[in-house]
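# Structural overview
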Amino acid sequence: MMATSYNAKDEDGHITVSGPGGGTLRSRKPENTAFKQQRLPAWQPILTAGTVLPAFFIIGLIFIPIGIGLYVTSNNIREFEVDYTGVDMSSPCFNCSQNYSWNSSRPCTCTIPFYLEQPYEGNVYMYYGLSNFYQNHRRYVKSRDDSQLHGDMDSLLTPSKECEPYAFHDKKPIAPCGAIANSMFNDTLELFYNDPNGTKVLVPLANTGIAWFTDKYVKFKNPGGDGANLTAVFQGTSKPVNWLKPVYELDKNSSNNGFINEDFIVWMRTAALPTFRKLYRTIKDAKVIPTLPSGNYTLEVVYNYPVRSFEGRKRMILSTISWMGGKNPFLGIAYVTVGSVCFFLGVVLLVIHHKCGNRNNSADISN
Amino acid sequence: MTWTSPLELVRDALRGQRARDKDLRNLVSNLPYEGLEKGKQPNRYFPGNAIKTTKYSLLLFIPMNLFEQFHRLANIYFVGLAILNFIPVVNAFQPEVALIPICVIMSLTALKDAWEDFRRYQSDRKLNNMPCFIYSRREKQYMGRHWKDVQVGDFVKVFCNEIIPADLLLLHTSDTSSVCLVEMSNLDGETNLKQRRAMSGLCNTDPEFEPESFNSIVVCEKPNNNLNHFKCFVEKPDKEKVGAGIESLLLRGCTVRNTDHAVGFVVFAGHETKSMLNNNGPRYKRSKLERKLNIDVIFCVILLFAMCLVGAVGHYSWLQALPGVPPYLVPDSSGHLDSPSLSGFYMFFTMIILLQVLIPISLYLSIELVKIGQIFFITNDVDMYDPDTNSRVQCKSLNITEDLGQIEYVFSDKTGTLTENKMVYCRCSVMGTEYPHKENAIRLAVLEGEETEEDVIFNQKPQPAKTTWSLDGSLEGNNFVDTRQRHRGRRRRKLSRSASTDVAFSSELETEVVPDRMLLQQLSRAQSSSGSGMIDPYLDFFLALTICNTVVVSMATAQRQRVSAQFTAAVYGKRRWRALSGEKRWMYIFTSCYRKRNRNGTIAEDSPAASASDNLSYEAESPDEAALVHAAKAYGFILLARTPDSVTVRLPSGKELVFELLATLTFDSTRKRMSVLVRHPITKECVLYTKGADYAIMELLGTPYAEHLSGNQKNIAADTQHHLDCYAKEGLRTLCFTKKVVSEKLYESWSVNRQRALAAIENREELVMDSAVELETNLFLLGATGIEDRLQESVPDTIVALREAGIQVWVLTGDKTETAVNIGYACRLLEEEDLVINMNCKNKLSCTSLLDCTLEEVRRYSADPRNVDTTPDISLVIDGRTLTMALESDLRDRFLALAKCCRSVLCCRVTPLQKSRVVKVVREKLKVMTLAVGDGANDVNMIQAADVGVGISGQEGMQAVMASDFSISHFKHLRKLLLVHGHWCYTRLANMIIYFFYKNVAYVNLLFWYQFFCGFSGTAMIDYWLMIFFNLFFTSLPPIMFGIMDKDVSAEMLLGVPELYRTGQGAGEYKFSTFWVSMLDAFYQSLVCFFIPYLAYKDSDIDVFTFGTPLNTISLFTILLHLSIEIKAWTWVHWVVMLGSVAMYFIVTLAYSGICITCNPPSNPYWILQSQMADPMFYLLCIITTVVALLPRYMFHVLRNSIAPSPLLQARQLDRMDPCAREQWIKEWRSFRGSRGVKCSKFSTPSSPNLETPVGIHPQSPTVSDTGDEFTLNVLTDNCERTLHT
């Protein structure tokens, strides 16, 4: 330990000192700069009742109007929900729900009537909702092959390991592979408006424009490019085990078929929470105004998707939408509450400031 | 190249190993074997001089570095987790991705190691290629070679001012007296020159040394790292053995001075040299904070396990509750599903991987970085820079900076630490007569008055001074303030002057001594009466002063630059002195009539006639010796030269005497004395002059042999003892001088013994010492001297400040009780109104009863309600012998209980070992943080025993500094080091660590809460890359910056109000509760950060990563804003780092989610942040969540600051005032407090500065009498004996 300073540098220093010229020793005096002496000009906020009072009132004054605005906006959103799981004996879909099968060749259809009290204006969105479906299960989330879905030919034929055990079927690669794709929601929902004069009018539902733009045009691509013959491209692959038809027959419209089928894309975006909804169809550019007038409707369901294995529920949701998304009064309430709490705290602090504030006056500290 | 069998090679290697391990080594010259192959070389087993300090080689760097790194527990943890991630059933992330953090950390560390190693390699190469001269038989001359070519057994020639390449046994020098002077400051830091002597009787008969004629065998000990000991003998061909020690060894790394050239035989080379063996890396201590932190890390581990257990059990019950096999349950590749219990078991490990960040591994790395930053700022503090020695504060231990902020006990050495260790000769007593040297005292007082601006001179006789002054019209200005300002200006000039000289040697204060008139007369009388006989005790006394030392004389004409610098400094000083005496004439008029004579004397000394002796410059190992030689010089006894064999002295008569030096019995701490044995040139007698501590001398006094002297030796001894006691009371250091005439017969027999002892290898030290003791008997007392060791600048202020900071100051000194008590008063360790308990007992029994009584007394005293306000503080003075008894296991607790009540403790006459024992006992039994500060080799034990060791790089070499954790150049720097840097480092680090724990828990808990919504399946809703980036880039820099740069209170406030230091003592800010409060806060914040977005996105079409992105963003804002609440002072650095972190988050995340389409399957963050940022909900969520999350902490701070502001907060408020008002406030507050004395542990501020309560009432002295023991328990109030300058 004693000779730690014994190194080349120090020896250098000594040589220069003792050299014939007698050069002066390099001064080791630290630089007297604000940074090195830790004297940088600084803003030193002190949190006391007096100094933070305005902040609380300002927060209160800003939050409460925002909250009210959010609440009103949320309340203006029309939303209708119908559960068609069919757990009850009385439910029209009870029979269908009992015949559990993924691949039943005979589709089971049930009709659910409902009544819309208020007319829906503007764009109306139709969702299907599943509950108790853990699309966020770790191994489920992983069970996909993004490069396959991106149109990569190699991945099409040799799906990633992550897709196991839904990667190969009968030694043929599954396209699209993985558990997510395999469990794709496959109920068909159709909406009919029961005209007051007794006719059943099919409400036109658009099945495009429901997925994210980037998903549809960047992330998901059919192998072989846009104009390719999908049937030929997918030759040699197998459809997912639970699917009724192969991926290239999802839609007749070639721009909505194969991997870029929007129902498929929506499903592949795994939900964050076990109870979720997914956009199914939109009703836009409707000829009639309002888009959905109040009245009786019928929902016709081709019931395929089994949910009894996890005690799940299936719902159909009709909703209009605002700038803040779907109906959710929570954020408005939260803003109002927090704003009020801040305001209240501001008042409390005002009292404290008046009671104890004098003590903090530095002039009085010495007393 | 001949082929040798592997077996032969192995055998040779083994033989080499044995040769190296042997206790004694036989070395022969290489010259006869020159040019032979390696296997024939006699010294081939010993390493060459090439050094290699690098740890790694180029090829093996990666495996060796990995091996090195896996010694750290943290890395093993990381790798364990990564391996766990490779097991398919438990992995939480992509296995490859999980390797990233460990790879990043390990490659960063490897990079750092590689760079350091490269630096070492470069310096090695530079050293190895330094030029040197080795004798070659073939060329018959010294050849220019490199250091790396030097082998054991070579002959190396070193020229003046060159660095010695290896440890050389000095055989020949250019000096006629075969002396070589070396400067060892590279090794031990001592700046004086060391004298090395060539081995006598070998080959130095020729004018030019012939290496080829060297045919002896050098037998030396095994290499060791002791710089002051070396044992060796040279066996000549005729079997005669000549011993040699350290005095003949030139150490590698030293520089040859004042000697044209020297030739040495290489004894140790390369890594076996003493300097290399001493070359250890920096020390690692574990700080108190880090020990506490480790406990909290264990809590984190427990928490992690609890959370993982929740996950495992949750997963099990979730699976159990499922009615069938849902489509989202993915079986393994064979289509088989694990049973719920097995899945739960696996889930436990998955959870560990997922929540691994809970254990803040990166904290350790961050702490290291923070400490590097803190040390940077400490070493760069210009206030702790000493221009005289051109030295900054040095931090030798890299990881205990925060301990500086928690010190509760300071143990200080006295000499050199509190005092300057610049000895000033004050007075002497010769043959029982005291010579007070009044004139000298006045001179000192004047210099002192000028230097420290003490008001003593002004206060004593202000009235006459003023009048005289007004009479003396030569002075400009007409008030005291003016003069003082001028003094201050001059002082500044003085500082700038001393800054220009590179090394501070003896100042003029030490070198100039004004002789006592009486003594001069006595001396001249003695001289005339004794004639040429020179046997007068007065003359003997001064001869002893001159001869009995190891002072080396060097001429001003010597090549060393410093010497000449010092010389000019001395001249300058004299001029200044004259100028001063002109200016200060007003004072001398009334003070002393000796003044004029004195001044004349000074001027006379300045005249060219006397300058020959002025050119002499004395270099002494201890400042006492130099002071004495200078004192003798003032009386005309001038030490002219010292060689190993002779001492030349010029007498006042101008005659030069050359004493033959027979032996020098050097000083050691056991004997506490040193002697020289000389042959008197006139009487031809062998005379032994001994000087030493009084108690070491007094018992050796024999019956007077000088019968011709009138008076009784006994009386002289008694009188001298009386004088010594007086000196000690004044705080002077005392030395006794004796003489002894040794008969020729005795000398001869003794010198045989001595030679035998010197040549011995076994027990050499003891034998040498015994031989010294043998001679030092029956001494004849000549007299004694009193040397003043002046207090260092601002020592009293520093001690008072430390005490106000709640630090107990103990002074441990080897000095006598009286001296120590006096210094204690001078440095305000003891105060006038203090109750001083003096403990001094002779046996254990009395010690016990004394302790009991005192303790009882003290308790009763402090319990007495009447004394609540007026209790003077209690101080304890204890001597070494009593201390030994008090520290025995049965009395220890009582002693400590007593010591705890005392404000300061003064231990006198303690040995180095006792010092360390005291520190150890206090540290371990009272469980407090201790700091030991010292400057000498005798403090090394103490410095190493304390939690924090501080070395003062002073006059006494560097041993203390080498052993210390921090080294400073003055005691006063301790104040800023502790009060400011200690406080800052501690608060910074404590807050940073707490924040770090909070940060990790708050972030990881988000993942944990999500488990409740994903069936405890271990899903992370944040992309793993972003999680890594979050910890690695987005939130790592702000806390590190916080730990380095945050400043709660300004340095001025901390220095002005030392009480603020108390916040760090004991548990300080980093308490158990603080940790848990911040943990709770972290839980709360993570709940808010998770559930507000959860409720907002409930039952919507949000997907996993779109849900995670706002969570991540909110978490970033919360974590950074949380830090903003904690940051006390925002400089531009803070703004840059904070805003930079936010900007980096958005830039990196946007870029990542913009580019990465399929790069990190299966998680796919493509375009997620972009789409979120297009959604107003995202911003609304961020705002409200952050506000709700931080509201409680914010409110807590506001309420605490408003309702019960802490002292620190009050200080911060004062800080915001303009400097003038603040200064005024501090001053007022201090002045008030100073009059009252500080005992209150709170930062309670007095009601008004004018309301002072007079504390003139001294308590009734409770006295406890104890038979046979000196024991006083009284109030020492007399300060009349205190030295003038205090």
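Residues numbered from 1 in each chain as written. Chains lettered and ligands numbered in written order. Predicted model: local features only at pLDDT ≥ 70, side-chain atom pairs only at ≥ 80, totals over all residues. Heavy atoms only, no water.

### A closer look at the overall build of chain B
Of the regular secondary structure elements, chain B holds 44 helices and 34 strands. Taking all 1286 residues of chain B together, the buried fraction comes to 59%. By element, 58% of the accessible surface of chain B is carried by carbon and sulfur atoms, the whole surface being about 50900 Å². (Helix = DSSP H or I, 4+ residues; strand = E, 2+ residues; numbered from the N terminus. Buried < 20%, exposed > 50% of the residue type's maximum accessible area, 1.4 Å probe, protein only. Areas by Shrake-Rupley, 256 points an atom, 1.4 Å probe, with all protein chains shown as cover.)

### Side note on the sheet that holds strand β12 (residues 255–257) of chain B
All names here are of chain B. The antiparallel open sheet is built from three strands, whose spatial order is β7-β6-β12. The open sheet terminates on both sides in strands that have one partner only, identified here as β7 (193–197) and β12. Within this sheet the neighbouring strands show an average axis-to-axis angle of 45 degrees, counted without direction. (Pairing = 2+ DSSP bridges. Axes fitted to C-alpha atoms, helices over the stretch in contact; angles between N-to-C directions.)

### Points about the interface of chain A and chain B
How large an interface is tends to be reported as the accessible area lost when its parts come together. Taken together, the contact pairs 107 residues of chain A with 133 residues of chain B. Summed over both sides, the interface between chain A and chain B buries roughly 10600 Å², with carbon and sulfur atoms accounting for 62% of that surface. Counting every contact that joins chain A to chain B gives three salt bridges. Breaking the side of chain A that touches chain B down by element, the ones donating at least two residues are α1 (8–18), α2 (49–76), α4 (138–142), α5 (146–149), α8 (213–219), β8 (276–283) and α11 (330–356) of chain A. The element contributing the most residues to the side of chain A that touches chain B is α11 of chain A, with eleven residues. (Contact = heavy atoms within 4.5 Å. Buried area = accessible area lost by both parts, 1.4 Å probe. Salt bridge = Lys/Arg side-chain N within 4 Å of Asp/Glu carboxyl O.)

### Here's the deal with empty space enclosed by the protein
In the structure shown here, the tally under the stated rule is 13 cavities of 30 Å³ or more. In this structure, the largest cavity is lined by 18 residues; those nearest its centre are Lys 142 of chain A together with Ala 92, Phe 93, Phe 1105 and Ser 1163 of chain B. No other element matches the three residues that α4 of chain A contributes to the lining of the largest cavity. The residue inventory of the lining of the largest cavity, partitioned by class, reads ten nonpolar, five polar and three charged. (1 Å grid on protein atoms, 1.4 Å probe; cavity = no way out; pocket = protein on both sides within 12 Å on 5 of 7 lines; lining within 4 Å. Points joined across faces, edges and corners; volume = space filled by probe spheres on them. Nonpolar A, V, L, I, M, F, W, Y, C, P; charged D, E, K, R; others polar.)

### Examining the packing of helix α9 (residues 361–379) of chain B against helix α36 (residues 1037–1045) of chain B
All names here are of chain B. Their axes nearest at 8 Å, the elements α9 and α36 cross at an angle of 35 degrees. Crossing angle aside, the handedness with which α9 passes α36 is right-handed. Contacts between α9 and α36 involve Ser 366, Leu 369, Val 370, Gly 373, Gln 374 and Phe 377 from the former and Ile 1040, Gly 1043, Ile 1044 and Met 1045 from the latter. Class assignment for the residues of the contact of α9 with α36 results in six nonpolar, four polar and no charged. (Left-handed = near helix turned anticlockwise from the far one by under 90°.)

### Some words on the side chain of Arg 1212 of chain B
Mapped onto the elements of the fold, Arg 1212 of chain B is located in helix α43 (residues 1207–1215). Although Arg 1212 of chain B lies buried, it forms no salt bridge, and the closest oppositely charged side chain, Asp 1215 of chain B, sits 6.9 Å away as judged by the N-O distance. (Lys, Arg positive; Asp, Glu negative; His and termini not counted.)

### Remarks on unusual backbone geometry
Note the cis peptide between Glu 164 of chain A and Pro 165 of chain A, where omega equals 0 degrees. Note that Pro 165 of chain A resides in the loop between α6 (153–157) and β4 (168–169). A cis amide bond links Ala 175 of chain A to the next residue, Pro 176 of chain A, at an omega of -10 degrees. With respect to the element layout, Pro 176 of chain A can be found in the loop between β5 (172–173) and α7 (179–182). We note that Asn 390 of chain B has phi near 55 degrees; this positive angle belongs to a residue other than glycine. Within the secondary structure layout, Asn 390 of chain B lies in the loop between α9 and β14 (394–395). Owing to a relative accessible area of 10%, Asn 390 of chain B belongs among the buried residues under this scheme.

### A few points about the packing of aromatic side chains
For the structure shown, the criterion picks out 85 aromatic pairs over all chains. Relative to Phe 264 of chain A, the ring of Trp 243 of chain A has its centre 5.9 Å away and its plane inclined at 80 degrees; by these criteria the two rings are edge-to-face. Separated by 21 residues along the polypeptide, Trp 243 of chain A in the loop between α9 (230–233) and α10 (262–268) and Phe 264 of chain A in helix α10 bring together distant segments of the chain. Residue Trp 243 of chain A is classed as buried on the basis of its relative accessible area, which comes to 6%. Grouped by ring-pair contacts, the aromatic residues Tyr 128, Phe 133, Tyr 134, Tyr 140, Phe 185, Trp 267, Phe 276, Tyr 280, Tyr 305 and Phe 310 of chain A together with Trp 318 and Tyr 328 of chain B constitute a single cluster. Just above the ring of Tyr 280 of chain A sits the side chain of Arg 281 of chain A; from NZ or CZ to the centre is 4.0 Å. Sitting over the ring of Phe 996 of chain B, Lys 999 of chain B keeps its end group 4.9 Å from the ring centre. (Phe/Tyr/Trp six-rings, centres within 6.5 Å; stacked < 30°, edge-to-face > 60°. Lys NZ or Arg CZ within 6 Å of the ring centre and 35° of its normal.)

### Digging into the pairing of strand β32 (residues 948–952) of chain B
All names here are of chain B. Buried residues dominate β32, accounting for five of its five residues. The alternating pattern of β32 places Val 948, Val 950 and Ile 952 and Gly 949 and Gly 951 on opposite faces, both of which are buried. Relative to β32, strand β31 (residues 930–934) is paired through four bridges, and the arrangement is parallel. Paired with Ala 932 across the two strands is Gly 949, which belongs to β32. Read as a crossover between parallel neighbours, the route from β31 over helix α32 (residues 940–945) to β32 is right-handed. Relative to strand β33 (residues 966–968), β32 is paired through three bridges, and the arrangement is parallel. What sits directly across from Gly 951, in β33, is Ser 967. (Right-handed = clockwise from strand over helix to strand, strands pointing away.)

### Things to note about α43 of chain B
Of all nine residues making up α43 of chain B, eight are buried, and the element is well covered by its neighbours. Listing the buried residues of α43 of chain B in full gives Leu 1208, Leu 1209, Gln 1210, Ala 1211, Arg 1212, Gln 1213, Leu 1214 and Asp 1215 of chain B.

### Re the environment of Lys 816 of chain B
Relative to the assigned elements, Lys 816 of chain B resides in the loop between β27 (808–812) and α27 (817–826). When residues no more than four places from it in sequence are discounted, the contact partners of Lys 816 of chain B are Asp 694, Gln 721, Leu 724, Asp 725, Ala 728, Thr 734, Cys 908 and Arg 909 of chain B.

### Side note on the sheet that holds strand β11 (residues 249–250) of chain B
All names here are of chain B. The six strands lie next to each other as β3-β2-β4-β13-β5-β11, forming an open sheet whose pairing is antiparallel. In this open sheet, the two edge strands, each paired with only one partner strand, are β3 (141–146) and β11. By the bridge criterion, two bridges tie strand β5 (residues 167–173) to β11 in an arrangement that is antiparallel. Counterpart to Leu 168 in the pairing with β11 is Leu 250.

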